[in-house]
Amino acid sequence: MFIDRALATFFAEQSKAFRTGLNDAQKKFSAAHGGKAFAAASVEDQNAFMHTIDESEFFTQLRFLTVVGLLSSPMYGGNYGGAGWKVMGFVDQHAFAPPFGYYDKQYTGFKPYPKAATGAKS
Amino acid sequence: MTARTFKSSDTLDFIVVGSGAAGGVMARELSQSGFDVLVFEQGPRLGAGDFEHDELKYSMLDGIVNKSDRNPQTFRKTPADVAKKRKALTYARIVGGSSTHFTANYWRFHDVDFNERSRLGSIAGTGFADWPITYAELEPYYTKVEWEVGVSGLAGATPFEPQRSKPYPMPPMPVKSSGVLLEQGARKLGLHPFPAPMAIASQPFRGRPGCVHCGFCMGFGCEVMAKSSSLYTMIPEAEATGRCEIRSESYVFHIDTNAAGRATGVRYYDRDGKEQFQKARAVVVCANGAETPRLLLNSSSSKFPNGLANSSGMVGQHLMFNQGSRVDAVFEHELNEYKSAQVTRIVHDFYDSDPKRGFYGGGGIDARIGPQPTNWALMERPGVPRWGEGFKAHLETFPRAMTASGHATSLPVPTNRVDIDPELKDAWGVPAIRTTYRDHPDDLKIAKFLQDRAAEIMEAAGAQQIWRMPVSERAGSVHLLGTCRMGNDPKTSVIDKHHRTHDVPNLFLCDGSSFVTSGRGQPTMTIQALAFRAADHIGQMAKRNEI
């Protein structure tokens, strides 16, 4: 849904290359799998096929659109309910307070260096 | 607000082109000195309420920066290549300029940044030179930036700190886990990490609230006005004088001159795309290291056939980006770097160039966010699967990850430059920027050197995994430096030490273009210190009728 929407609107200039690439990849898959569609194939077959195309320009574009869809604001049609952010452990919140993580929680304060303790050098 | 609106028939004391880090300071200082000032800004005026946590919009769709379709550019590596359409130089195109979306690292330059050529000697194939001013001359203005724009930090924390006349007005930002790890690792190695000076209010400051640690600084506009952007600091203070107008969506494309060789005013496209002219007694260009040389080169005339203020041929030359490097690391426990200011600890032990290394260069290392989730996930780390279960497992390390960045020098290479593309024009029909850039080999060497040191620090801090992201030739930047350099000799520089162009007595330039050397990667603090100093001199000269 995100990709369709993106290619129809803000990534419209990528649309042609993506549709062509997708079509070619699907044809290549069915040709090698007795006419079977990629979407209907087993995960093993899908993964094996992806390994054969994951250096292509089409794959780079597919990866970009998938990652951007997964992690952009849900208002763009992907990242449903913040599902992508949950995978990454990112919390969408507008304010936080220290401590922010494990290591700053243990921090005991900045200890000055002897040389700097006397003030600025020239 | 008592902001002024000038008439098109008015002759201004000063026109300032650009409302960013330098333009904001210039507007505030000159209007507070009693002058009528009109500031032109290409982009729109937005407020804190307009900014969002939206990575797609801000980093992939040119949310507030120059747009590839309306403001196109071309790029090539060497003068022998044909430049191809590509946005190489990025800046925020809104009121407040790039100070609106910057990361807010506010290191001062050190003494050595101003006189390194004398200390080290010349470097073949470069325009390596001393500045015509010293650190000591700029020091009072650095202090002014800290106290009037607003910088948080800890004075005396680093043994490498240059002389300072006053402490910081605000304590440093609360340390993050990345800062703690950098500090622990670096101290183990005998280095001297210290709290990062940041142009972010760590507590309420001059009518602005303190930071709420939302984490969206780098590339984003601050939603609470805690980041000390011109938009929230200098510009409202300039407007409050009643002598300053910020004219947004008004795109200056030509500086006019008369037979005497003096600037008479500027031509611009207003928000309806209509050409207008505004008269002024003096013009100050603070349009950034890309747009300032472009405006001068596009303002050629029969009297100035090679572009305005370009008798030296130096306009656009010596573009410097600041090379850099990154090490990504994953630790055992959560850091949650997506929260709060991007940087809290830095290391300056490698700041000076050291001939023993066998190449020129120096820099700093900082601990930072790696960045926010979408851009973090898109970054390909050596050896990490790009898809499938392995990629998903990598995404899950996000809260435990950080980056140690190297920020380095770039040498001023004469063939690295901004000029005008012979064919391409922007959406207004104004000839577009062509960038030619290839890093000096020493720039890549110092970037790799800092990467090795950063990796050692991450190792000493106990990182479970470390990635050295490939150091490669820069094909673009947000640091736009050196293109109208300052100097005493009109044959080898564009402006004098008071930012007046050598060729046009009532035309001044002040922004990243004024730099003679690149510093170590955090230019905005110095851009603003230069602007305070320039405004001081320009105002005094105007009062003495010397403009």
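These figures come from a predicted structure and were not determined experimentally.

Before going further, it helps to spend a moment on empty space enclosed by the protein. All names here are of chain B. Per the stated rule, a full pass over the model turns up 8 cavities of 30 Å³ or more. Counted as a void, the largest cavity has a volume near 110 Å³. Forming the walls of the largest cavity are Trp 107, Arg 108, His 110, Leu 154, Thr 158, Glu 161, Pro 162, Arg 164, Tyr 168, Phe 194, Pro 197 and His 348. Each residue belonging to the lining of the largest cavity can be placed in one class, and the counts come to 6 nonpolar, 3 polar and 3 charged. Each pocket or cavity is described by its volume, and for the second largest cavity that value is around 80 Å³. Broken down by class, the residue content of the lining of the second largest cavity amounts to 9 nonpolar, 2 polar and 1 charged.

For a regular strand, side chains alternate in direction, first toward one face of the sheet and then toward the other. Residue and element names in this part refer to chain B. Counting buried residues along strand β8 (residues 263-269), 5 of its 7 residues qualify, which places the element largely inside the surrounding structure. Where strand β7 (residues 251-257) folds back on β8, the antiparallel hairpin that results is connected by 5 residues, among which Gly 261 adopts a positive phi of roughly 85°. As defined by bridge partners, β8 adjoins strand β9 (residues 275-285) across 5 bridges and the pair is classed as antiparallel. Pairing of Tyr 268 across the sheet is with Gln 276, part of β9. The hairpin formed by β8 and β9 contains 5 residues between the paired strands, and Gly 273 there has a positive phi angle of roughly 80°.

This paragraph deals with the sheet that holds strand β14 (residues 417-425) of chain B. Residues and elements named next belong to chain B. Strand order in the open sheet formed by 4 strands is β4-β3-β15-β14, and the pairing between neighbours is mixed. Of all strands in the sheet, those bounded by a partner on one side alone are β4 (84-85) and β14. Bridge count between β14 and strand β15 (residues 431-436): 5 bridges; the pairing is antiparallel. Residue pairing across strands places Arg 417 opposite Thr 436, the latter belonging to β15.

To continue, consider the interface of chain B and chain A. Interface size is commonly expressed as the accessible surface area that is lost when the partners come together. Taken together, the contacts link 60 residues of chain B with 45 residues of chain A. Where chain B abuts chain A, roughly 4500 Å² becomes buried across the two surfaces, and 66% of that area is made up of carbon and sulfur atoms. The largest contributions to the chain B side of the interface with chain A come from Leu 56, Arg 386 and Trp 387 of chain B, which together make up 17% of the buried area. On inspection of chain B and its partner chain A, the count reaches 1 salt bridge. In this structure, the salt-bridge partner of Glu 380 of chain B is Arg 63 of chain A, at a minimum N-O distance of 3.5 Å. Where the side of chain B that touches chain A is concerned, the elements lending two or more residues are α2 (55-60), α5 (177-188), β5 (194-195), α8 (373-378) and α9 (388-395) of chain B. Class assignment for the residues of the side of chain B that touches chain A results in 31 nonpolar, 12 polar and 17 charged.

Think of an α-helix as turning once every 3.6 residues; residues three or four places apart then point the same way. Regarding α9 of chain B, the residues found buried are Phe 391, His 394 and Leu 395 of chain B. Axial view of α9 of chain B: buried residues confined to an arc of 100°, hence all on one face. Close packing links the buried residues of α9 of chain B with α4 (57-71) and α5 (83-88) of chain A together with α8 and β16 (465-468) of chain B.

The next thing to look at is the pairing of β7 of chain B. Residues and elements named next belong to chain B. In terms of residue burial, β7 counts as a mostly covered element, since 6 of its 7 residues are buried. Sheet topology note: the β7/β8 ladder contains 6 bridges and is antiparallel. Paired with His 254 across the two strands is Arg 267, which belongs to β8.

What follows deals with the layout of surface pockets. Put simply, the second largest pocket is a space of about 570 Å³. Lining the second largest pocket are 20 residues, with Thr 66 of chain A together with Arg 386, Trp 387, Gly 388 and Phe 391 of chain B positioned closest to its centre. Looking at the lining of the second largest pocket, the elements that each hand over two or more residues are α3 (43-53) and α4 of chain A together with α9 of chain B. Counting residues per element, the lining of the second largest pocket draws most heavily on α4 of chain A, which supplies 6 residues.

Okay, the environment of Leu 30 of chain B next. Residues and elements named next belong to chain B. The topology assignment puts Leu 30 in helix α1 (residues 21-32). Sequence-wise, Leu 30 and Lys 227 are 197 residues apart; in three dimensions their C-alpha atoms are separated by 23 Å. If near-sequence neighbours (up to four positions away) are discounted, Leu 30 is found in contact with Phe 14, Phe 35, Val 37, Ala 535, Ile 538 and Gly 539.

All names here are of chain A. Per-residue confidence for chain A averages 92 on the pLDDT scale, and 93% of its residues sit at or above 70. Model confidence for chain A, summarised as mean pLDDT per element, is weakest for helix α7 (residues 114-117) at 60 and strongest for helix α6 (residues 102-106) at 98. Note that residues 116-122 has pLDDT below 50 and, in this model, 14 contacts with residues that lie over four places away or in other chains.

With that out of the way, let us pick up the nonpolar core. Counting residues in hydrophobic clusters, the biggest one holds 152 residues, and the most contacted among them are Phe 14, Met 26, Ile 255 and Leu 507 of chain B. Ranked by residues supplied to this core, first place goes to helix α11 (residues 524-543) of chain B with 11 residues. Once residues lying within four places of it in the same chain are set aside, the contact partners of Met 26 of chain B are Val 16, Val 284, Cys 286, Cys 510, Ala 531, Ala 534, Ala 535 and Ile 538 of chain B. Counting residues in hydrophobic clusters, the runner-up holds 28 residues, among them Tyr 103 of chain A together with Ala 186, Ala 404 and Ala 461 of chain B.

The next subject is unusual backbone geometry. With an omega dihedral of 0°, the bond running from Pro 98 of chain A to Pro 99 of chain A counts as a cis peptide bond. Locating Pro 99 of chain A in the fold gives a position in the loop between α5 and α6. Cis peptide bonds are those with omega within 30 degrees of zero, and the linkage from Gly 370 of chain B to Pro 371 of chain B qualifies with -5°. In this structure, Pro 371 of chain B sits in the loop between β12 (363-368) and α8.

Let's shift gears to the sheet that holds strand β13 (residues 401-408) of chain B. Residues and elements named next belong to chain B. Spatially, 6 strands are ordered β5-β11-β12-β13-β10-β16 in an open sheet, and the strand pairing comes out antiparallel. Looking along the sheet, the strands with just one partner apiece sit at the ends: β5 and β16. Running over the sheet, helix α10 (residues 441-460) touches β10 (324-330), β11 (343-347), β12, β13 and β16 and is turned about 20° from β10.

What follows deals with the environment of Ala 542 of chain B. Tracing the chain through its elements places Ala 542 of chain B in helix α11. Separated by 260 residues in sequence, Ala 542 of chain B and Ala 282 of chain B have C-alpha atoms that sit 9.1 Å apart.

Across all of its chains, the model carries 36 aromatic pairs over all chains by this definition. Taken together, a centroid distance of 4.9 Å and an interplanar angle of 85° make the contact between Tyr 251 of chain B and Trp 428 of chain B edge-to-face. In this pair, Tyr 251 of chain B is assigned in strand β7 and Trp 428 of chain B in the loop between β14 and β15, connecting sequence segments 177 residues apart. Judged by relative accessible area, which is 21%, Trp 428 of chain B ranks as partly exposed. Through successive ring pairs, a cluster of aromatic residues spans Trp 85, Phe 90 and Phe 96 of chain A together with Tyr 58, Phe 216, Phe 220, Tyr 338, Trp 376 and Phe 398 of chain B. Over the ring of Tyr 251 of chain B we find Arg 93 of chain B, and its NZ or CZ is 5.5 Å from the ring centre.

What counts as what
- Residues numbered from 1 in each chain as written.
- Chains lettered and ligands numbered in written order.
- Predicted model: local features only at pLDDT ≥ 70, side-chain atom pairs only at ≥ 80, totals over all residues.
- Heavy atoms only, no water.
- 1 Å grid on protein atoms, 1.4 Å probe; cavity = no way out; pocket = protein on both sides within 12 Å on 5 of 7 lines; lining within 4 Å.
- Points joined across faces, edges and corners; volume = space filled by probe spheres on them.
- Nonpolar A, V, L, I, M, F, W, Y, C, P; charged D, E, K, R; others polar.
- Buried < 20%, exposed > 50% of the residue type's maximum accessible area, 1.4 Å probe, protein only.
- Helix = DSSP H or I, 4+ residues; strand = E, 2+ residues; numbered from the N terminus.
- Pairing = 2+ DSSP bridges.
- Contact = heavy atoms within 4.5 Å.
- Buried area = accessible area lost by both parts, 1.4 Å probe.
- Salt bridge = Lys/Arg side-chain N within 4 Å of Asp/Glu carboxyl O.
- Arc of directions from axis to C-beta.
- pLDDT = per-residue confidence, 0-100.
- Core = buried A, V, L, I, M, F, W, Y, C linked by side-chain atoms within 4.5 Å.
- Axes fitted to C-alpha atoms, helices over the stretch in contact; angles between N-to-C directions.
- Phe/Tyr/Trp six-rings, centres within 6.5 Å; stacked < 30°, edge-to-face > 60°.
- Lys NZ or Arg CZ within 6 Å of the ring centre and 35° of its normal.

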